Amino acid sequence: MEGVDISTSDAGHVGVATRIIVIANQKGGVGKTTTAVNLGAGLAELGVRVLVVDLDPQGNATTGLGIDARTFDVSIYDVIVHDAKLEDCIEPTGLKNLFVVPSTISLAGAEIELVPIMSRELRLRRALQGVVEDFDYILIDCPPSLGLLTLNGLAAAREILVPIQCEYYALEGLGQLLKNIQLVKTNLNAELDISAIVLTMYDARTKLSDEVAGEVRKHFGDKVCKTMVPRTVRISEAPSFGQPVTVFDPLSKGSIAYRELAKEINYGEA
């Protein structure tokens, strides 16, 4: 987008140290978009520059960050399918240091349009090369499937953050996700690794939440973040106001959790 200043930050660790994190889980409703938006906001509050790439045709990260589809001409669809420059569709959000590459419903057809294109899994990786030095973090929000869009996210990132909800079927499908990550590592992106598992929708009143948390920690050890994101109404309400929960209700439990999570991710304590 013209007129948006995406010059390098004062953080002093841009470029080589830029962390590209894909937020992925093939299971829907686990808090991927919520985590992309609110972790992005939490990191931005710490003074680092963050770009959220909305790779989901539903565009929930876009609207959750207050961006109206009627206000921009170029989206991630144009980048992935038509080779538009990523820097031309970066939009500022209402939060200092936080930017978004928006998505529209047009992206729903990209899976089919990409089929005949050479190196179709690497379209996002190549597009990010033009902006990677302008940000400290690039967070990629993926759709809840393992199609070509998610593959683009996995091929472009160095780290995977996996949100897992503290509910009965929490670990369902994770085995398949791990197999697919291994396939991507072998064939497309040797640098890719799970760097963090985030427990979401934690309800301290239920025994089940504690059991699921214990099970996940048993499986993944110190990859599981200490911070657990609670199930709260305020987190659910914030997107309809086009704001991260940290802006919508700064003192809520959800805001506090995402700020703590941002510190964990930023300072490498996860």
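Predicted model only: the values in this text are computed from it and were never measured.

Thresholds, definitions, all that
Throughout, residues of each chain are indexed from 1 in the direction in which the sequence is written. It should be noted that, the model being predicted, local features are given only for residues of pLDDT at least 70 and side-chain atom pairs only at 80 or more, the latter also being counted only at that level, while totals for whole chains, interfaces and linings use all residues. Side-chain descriptors were evaluated using all non-hydrogen atoms of the structure, hydrogens and water having been removed beforehand. Numbering of helices and strands starts at the N terminus; helices are DSSP runs of H or I of at least 4 residues and strands are runs of E of at least 2. With the radius of gyration taken over C-alpha atoms, the globule rule is written as 2.2 Å times the number of residues to the power 0.38. Note on exposure labels: buried denotes an accessible area under 20% of the residue type's maximum, exposed denotes more than 50%, and partly exposed covers the range between, all computed with a 1.4 Å probe on protein chains only. We call two residues in contact whenever any of their non-hydrogen atoms come within 4.5 Å of each other. Every accessible area reported is derived by Shrake-Rupley at a probe size of 1.4 Å, with residue values counting cover from the shown protein chains alone. Every definition here rests on a 1 Å grid over the protein atoms only: cavities are sets of points where a 1.4 Å probe fits but cannot get out, pockets are open sets enclosed by protein on both sides within 12 Å along at least five of seven lines, and lining residues have some atom within 4 Å of a point. Grid points are joined across faces, edges and corners, and a volume is the space filled by probe spheres set on the points. Under the scheme applied here, ten amino acids are nonpolar (Ala, Val, Leu, Ile, Met, Phe, Trp, Tyr, Cys and Pro), four are charged (Asp, Glu, Lys and Arg), and all others, including Gly, are polar. A strand pair is defined by DSSP finding two or more bridges across the two strands. Throughout, an axis means a line fitted to C-alpha atoms (over the contacting stretch in the case of helices), and angles, computed between N-to-C directions, take values from 0 to 180 degrees.

**Student:** Which parts of the structure should I look at to understand the overall build of the protein chain?
**Tutor:** Along its length, the protein chain carries 11 helices and seven strands. Its C-alpha radius of gyration of 17 Å places the protein chain within 12% of the 18 Å reference for a compact globule of 270 residues. Viewed in the frame of its principal axes, the protein chain has a C-alpha envelope of about 50 × 40 × 35 Å. Residues counted as buried form 54% of the 270 residues belonging to the protein chain. Expressed as a percentage of contacts within the protein chain between residues at least 6 apart in sequence, the contacts between residues at least 24 apart total 79%. Per element, the accessible surface of the protein chain, about 11900 Å² overall, is 52% carbon and sulfur.

**Student:** Explain the layout of surface pockets here, please?
**Tutor:** The calculated volume of the largest pocket comes to roughly 550 Å³. Lining the largest pocket are 31 residues, and of these Gly31, Lys32, Thr33, Thr34 and Met201 sit closest to its centre. At the level of elements, helix 1 (32-45), helix 2 (60-64) and helix 9 (233-237) are the ones that each hand at least two residues to the lining of the largest pocket. Broken down by element, the residue count for the lining of the largest pocket peaks at five residues, all from helix 1. Taken together, the residues that form the lining of the largest pocket break down as 13 nonpolar, 14 polar and four charged.

**Student:** Looking at this model, I keep getting lost on the sheet that holds strand 7 (residues 193-200). Mind explaining?
**Tutor:** Whether parallel or antiparallel, the strands of a sheet pair through hydrogen bonds between backbone atoms. The strand order across the open sheet built from seven strands is 3-4-2-5-1-6-7, with neighbouring strands paired in mixed fashion. The open sheet has two free edges, formed respectively by strand 3 (91-92) and strand 7, since each of these has just one partner strand. Together, strand 6 (159-165) and strand 7 form the strand contacts of helix 7 (residues 174-187), whose direction differs from that of strand 6 by roughly 175 degrees. Here helix 8 (residues 207-220) sits on the sheet and contacts strand 6 and strand 7; the angle it forms with strand 7, its principal contact strand, is near 170 degrees.

**Student:** Explain the environment of Leu192 to me, please; I cannot follow it from the model alone.
**Tutor:** Residue placement: Leu192 occurs in the loop between helix 7 and strand 7. By relative accessible area, Leu192 is classed as buried at 0%. Residues Leu192 and Leu128 lie 64 residues apart in sequence; the distance between their C-alpha atoms is 16 Å. What Leu192 contacts, discounting residues up to four positions off in sequence, is Leu154, Ala157, Arg158, Glu159, Ile160, Ile181, Val184 and Lys185.

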